[in-house]
Amino acid sequence: MVIAVHQPQYIPWLGYFEKIARSDMFVFLDNVQYKMREFQNRNRIRTDKGWMWLTVPVVTKDGCRMSMSEVQIDNTMPWQRKHLGSIRASYAQAPYFNEYFPFFEDTLNKRWARLSDLNVCTVKYIMDRLSITTPTVFESELNILTTKTQRIIDICRKLNADTYLSGIGAKDYLDESLFPENKITLYYQNFDHPEYKQCFEPFMPYMSAIDLLFNHGPKSRGLLLKEPY
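Here the structure is a predicted model, which means the values were calculated and not measured.

Cut-offs used in this document
Residues numbered from 1 in each chain as written. Predicted model: local features only at pLDDT ≥ 70, side-chain atom pairs only at ≥ 80, totals over all residues. Heavy atoms only, no water. Helix = DSSP H or I, 4+ residues; strand = E, 2+ residues; numbered from the N terminus. Rg over C-alpha atoms; globule rule 2.2 N^0.38 Å. Contact = heavy atoms within 4.5 Å. Buried < 20%, exposed > 50% of the residue type's maximum accessible area, 1.4 Å probe, protein only. Pairing = 2+ DSSP bridges. Phe/Tyr/Trp six-rings, centres within 6.5 Å; stacked < 30°, edge-to-face > 60°. Lys NZ or Arg CZ within 6 Å of the ring centre and 35° of its normal.

Draft legend 1. Just the overall build of the chain, in detail. In terms of helices and strands, the chain carries eight helices and seven strands. In summary, the chain has a C-alpha radius of gyration of 18 Å against a globular reference of 17 Å for 229 residues, a match within 12%. Its C-alpha atoms give the chain principal-axis dimensions of roughly 55 × 45 × 25 Å. The contacts of the chain with a sequence gap of at least 6 include a subset with a gap of at least 24, amounting to 64%.

Draft legend 2. Focus on unusual backbone geometry. With omega at 0°, the peptide bond leading from Glu-201 into Pro-202 counts as cis. With respect to the secondary-structure elements, Pro-202 resides in the loop between β7 (185-188) and α7 (210-216). With phi around 60°, Asn-143 is a residue other than glycine that occupies positive phi space. Within the fold, Asn-143 resides in the loop between β5 (136-138) and α5 (148-158).

Draft legend 3. Layout of the pairing of β7. What you see with β7 is a clean split: Leu-186 and Tyr-188 sit on the buried side and Thr-185 and Tyr-187 on the side with no burial. Alignment of strand β6 (residues 163-166) against β7, held across four bridges, turns out to be parallel. The partner of Tyr-164 across the bridge, within β7, is Leu-186.

Draft legend 4. Region of interest: the packing of aromatic side chains. A complete count under the given rule lists 18 aromatic pairs for this structure. Ring centres of Tyr-91 and Phe-214 lie 5.1 Å apart, and the angle between their planes is 40°; on these two criteria the pair is classed as tilted. Of this pair, Tyr-91 sits in helix α2 (residues 79-91) while Phe-214 sits in helix α7, placing them 123 residues apart in sequence. The burial state of Tyr-91 is the same as that of Phe-214; both residues are buried. Ring centres 5.5 Å apart and planes at 45° place the aromatic pair Phe-97 and Phe-214 in the tilted group. In this pair, Phe-97 sits in helix α3 (residues 97-108) while Phe-214 sits in helix α7, placing the two residues 117 residues apart along the sequence. Of the two residues, Phe-97 and Phe-214, neither departs from the other in class, the shared state being buried. Pairwise contacts between aromatic rings join Tyr-91, Phe-97, Tyr-100, Phe-101, Phe-103, Phe-104, Tyr-125 and Phe-214 into one cluster. For the cation-ring pair, Arg-42 lies above Trp-53, with the distance from its terminal atom to the ring centre recorded as 3.8 Å.

What follows is the structure, encoded as structure tokens:
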């Protein structure tokens, strides 16, 4: 039983979905502290001038720690129109734009209150388009009260997992000794980013997964997971 965990991100990059696909269960970390200027409220798309951020504005509370599930979207700003306009300008000529854009148009035209709700909605849609069927659960449903590495251990225990698949960045702060002590195998994700044809050259990696979807449609899963199509 392999699990992976991550905060709900806004239209995440491909490595996020590869980690979900390699897991038997994926946990949305909605109880962890929200961090500004990371990928919870923004991601990148490929444009004719390089790349650009799509950032969802949020309501911040000075000096106040917020969990991911508490973060509210600042709907006083016209962010939806800007995102849709930028996506359309960058991908209108992509082969599968007309197939996938209506979802984002409908979704972003809704008035979302919580950032995590919007993020989970986009993540699940992209999972479906990539034929990733890994079950998902919210950390807030598990009644986990610990922090740091112990939080991961307790999530594994709660879900009867014997293997934890971690992002490589966590190597800097995980207490690796806790895993064998609790009979849990720790693996680090070794993601080899695929190179594929984009609307503009040269190829730029680490874009939102929509970059691959708009350009390669039903072949996207095979390109992501190195599977034959």
